[in-house]
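# Chain and residue survey
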Amino acid sequence: MSSAPILRLGSVKDVQRFREHLHSLDVAIPCDRELVSPAESPFWLPLERGGIRIGNRMAINPMEGWDGTPDGNPSELTFRRWQKFGRSGAKLIWGGEAVAVSPCARANPNQLVMAPNTSKGFARLRSVLIEDHRKTMGSDDGLLLGIQLTHSGRYCRPHGHDRPEPRILHHHPILDRRLNLPDDYPVLTDAEIAMIIEDFHTAARAVWELGYDFVDIKHCHGYLGHEFLSAHTREGKYGGSFENRTRFLREVVEGIRANAPGLQIGVRLSAFDTVPFRPDPARSSNGKLGPGIPEAYEHLIPYRWGFGVDPQHPTQLDLSEPIRFLSLLEELQVPLVNLTAGSPYYNPHLQRPALYPPSDGYSPPGDPLICVGQQFNATRQLKQRFPNLIVVGTAYSYLQDFLPYVAQPALRDGWVDVVGLGRMILTYPEILLDAAQGRALQHKRICRTFSDCTTAPRNGLPSGCYPLDTYYKHSDMMVQLAAAKAKR
Ligand SMILES: Cc1cc2nc3c(=O)[nH]c(=O)nc-3n(C[C@H](O)[C@H](O)[C@H](O)COP(=O)(O)O)c2cc1C
Ligand code: SF4
């Protein structure tokens, strides 16, 4: 990565300076000099493809809140967040957040679970979102609302945020060490996988009965669906060949079609990855995390534990298998794809580019715009190759005040079909709406990538924008977060 000093975007006042910075980094991120009038804005263009209609080009990417009740129901904090999703004006709500297919599949004890005892909670989530959406947009015409279904696999923590209970598909020479897993730690058996697949079928049926439009079969960020794709070393019918590594996807899709006909299906995919990173010990001091460096991997070549990575040079991407995966989605008539990268657990700089690291991360190894550019470039290549799929893009929040100036050409020039926002929604859900309606941006509400929304859950607290959202800023939770950070 470039060793040039990182430009703090919060201090950049005009788009020309931002464009010059992009140029100096030599990253492929498009950026317009000005925003066009609402009548010409690509944000408003409806999209109709493969039997799916989306009323505009704005999407909310899934964001877990760690704030459900212990029995898997939404809490008042969850409702509050979903109302924000509605108020954003986005016509595509991609999953809202990761929802576990069973209690033991949770990544934290406060994750939502799709189950008979939570159906009323999910019905209310849907209705509060739609109500706020109608208030903002005048109608819910063209609103497409999905649930992201997940099994947390290696990152299961159903009974305590500090009590990992990994369910792994294969051993990983670096990640097993991080989780202190012995060589004989059991991998999920094929019979256990069959039961998990059934859980996906049952959960998807419940989603359909509740009136949601689609489910996302999550294949990203190191969770179970993603780990299948890198199960090169697993024996048996779910490991080894591409066909075996995608069997989980095919079996889940097949059962959803049988159990919930009419429910649309999407996949959120980590389209590429890199090896796990850690803070450089030589440059860490006094509680300050050093810049991220890759874990030693030279003795692991060819690297057989990644998806979308070059086995000879695993810090570099290789899109040949992701291309096969998207072809398979086309074949299965799965029209919705949301592209992301890496994992928040082992390479957060790639997955959610930020100026400030989360408590279990490291300082940025280079200008975070480089990783934004990597995600954009991979998405662009895949979009160009698969014009019939509806492709949602990711990693826009780091662009801060310049987000709409980048999103506008990304849509206009076909880099992506729909722009998906994550962290920015926690603090300024209306950012794209303001831009598309020709209003000035509210700079005080811009996400500055402080990463507290990731640090809080790592310390057992609900996620949320602690620095900018007054609800958290003036709460007891802020005090607890400060104490957790000081202890580190
Ligand atoms: C607090 C938090 C929770 C997240 N939870 C999920 C999740 O449940 N499912 C998912 O696919 N991605 C999740 N993500 C990743 C985001 O959807 C998104 O990919 C990432 O934040 C980068 O986009 P951004 O730059 O707009 O924030 C989460 C991110 C954050 C910050
Ligand atoms: S805590 Fe707030 S400002 Fe910080 S990254 Fe999260 S949303 Fe952005």
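Residue numbering note: each chain is counted from 1, following its sequence as written. Following the order in which they are written, the chains are lettered starting with A and the ligands numbered starting with 1. For this predicted model, a pLDDT threshold of at least 70 governs which residues receive local features, and a threshold of 80 or more governs which side-chain atom pairs are given and counted, while totals over whole chains, interfaces and linings are taken from all residues. Hydrogen atoms and water are omitted, and side-chain values are computed over all heavy atoms in the structure.

## Re the site of ligand 1
For each residue, the test is whether any non-hydrogen atom lies within 4 Å of the molecule or strand; if one does, the residue is near. Not every one of the 22 residues close to ligand 1 is listed here, only the nearest: Pro 62, Gln 148, Ser 397, Gly 422 and Arg 423. Any pair of N or O atoms that falls within 3.5 Å is considered a polar contact. Within protein, one atom must be able to donate a hydrogen and the other to accept it, and sequence-neighbouring residues count only if both atoms are side-chain atoms. With respect to ligand 1, the backbone of Pro 62 contributes an N or O atom lying 2.8 Å from an oxygen atom. At 2.7 Å from a nitrogen atom of ligand 1 is found a side-chain nitrogen or oxygen belonging to Gln 148. Reported accessibility uses the Shrake-Rupley method at a 1.4 Å probe radius. Residues are deemed covered only where the shown protein chains occlude them. Out of a free accessible area of 610 Å², ligand 1 has 99% covered by protein chains.

## Topic: the pattern of salt bridges
In the sections that follow, a salt bridge refers to a side-chain nitrogen of Lys or Arg positioned within 4 Å of a carboxyl oxygen of Asp or Glu. Per the counting criterion, the structure on display carries 30 salt bridges. For Glu 295, the salt bridge identified is with Arg 178, shortest N-O distance 2.7 Å. With Glu 295 in the loop between strand E10 (292-294) and helix H9 (320-331) and Arg 178 in helix H4 (residues 175-178), the pair connects residues that are 117 residues apart, well separated along the chain. Asp 401 is the salt-bridge partner of Arg 448, the closest N and O atoms lying 2.8 Å from each other. Pair noted here: Arg 448 is in the loop between helix H14 (431-436) and helix H15 (452-458) and Asp 401 is in the loop between strand E12 (390-393) and helix H12 (403-412), with a separation of 47 residues, a long-range link. Note on accessibility: Arg 448 and Asp 401 belong to one class, buried. One salt-bridge network, held together by shared partners, links Arg 177, Arg 178, Arg 278 and Glu 295. Helix numbering and strand numbering both begin at the N terminus, where a helix is a DSSP run of H or I of at least 4 residues and a strand a DSSP run of E of at least 2. Three labels apply to residues, based on accessible area from a 1.4 Å probe with only protein chains included: buried if under 20% of the type maximum, exposed if over 50%, partly exposed otherwise in between.

## Observations regarding the site of ligand 2
Contacts to ligand 2 come from Arg 423, Thr 427, Cys 447, Arg 448, Thr 449, Phe 450, Ser 451, Asp 452, Cys 453, Cys 465 and Pro 467. Counting residues per element, the ones that place at least two in the shell around ligand 2 are helix H13 (423-427) and H15. Just so you know the grouping, Ala, Val, Leu, Ile, Met, Phe, Trp, Tyr, Cys and Pro go in nonpolar, Asp, Glu, Lys and Arg go in charged, and all remaining residues, Gly too, go in polar. Taken together, the residues of the shell around ligand 2 break down into five nonpolar, three polar and three charged.

## Structural notes on the nonpolar core
Inside soluble globular proteins, nonpolar side chains tend to come together where they are buried. Counting 117 residues, the largest nonpolar core has Phe 18, Leu 149, Ile 217, Phe 325, Tyr 396 and Leu 399 as the members making the most contacts within it. Ile 54, Trp 94, Phe 214 and Val 418 belong to the second-largest nonpolar core, a separate cluster that totals twelve residues. Each nonpolar core is a collection of buried residues, namely Ala, Val, Leu, Ile, Met, Phe, Trp, Tyr and Cys, held together in the definition by side-chain atoms within 4.5 Å.

## Considerations on the pairing of strand E6 (residues 144-150)
Counting buried residues in E6 gives seven out of seven residues, a clear majority hidden from the surface. Residues Leu 144, Gly 146, Gln 148 and Thr 150 of E6 are buried on one face, and the alternating residues Leu 145, Ile 147 and Leu 149, pointing to the opposite face, are buried as well. The pairing of strand E4 (residues 92-93) with E6 spans two bridges and is classified as parallel. Each bridged residue has a counterpart across the sheet, and for Ile 93 the counterpart in E6 is Leu 145. Looking at chain direction, strand E5 (residues 98-100) and E6 are connected through three bridges and run parallel. If you follow Ala 100 over to E6, its bridge partner there is Thr 150. By definition, the crossover connecting two strands over a helix is right-handed if that path, from the first strand to the second, turns clockwise as seen with the strands pointing away from the viewer. On the question of chirality, the crossover connecting E5 to the parallel E6 by way of helix H3 (residues 119-137) is right-handed. Here a strand pair is declared whenever DSSP counts at least two bridges between the two strands.

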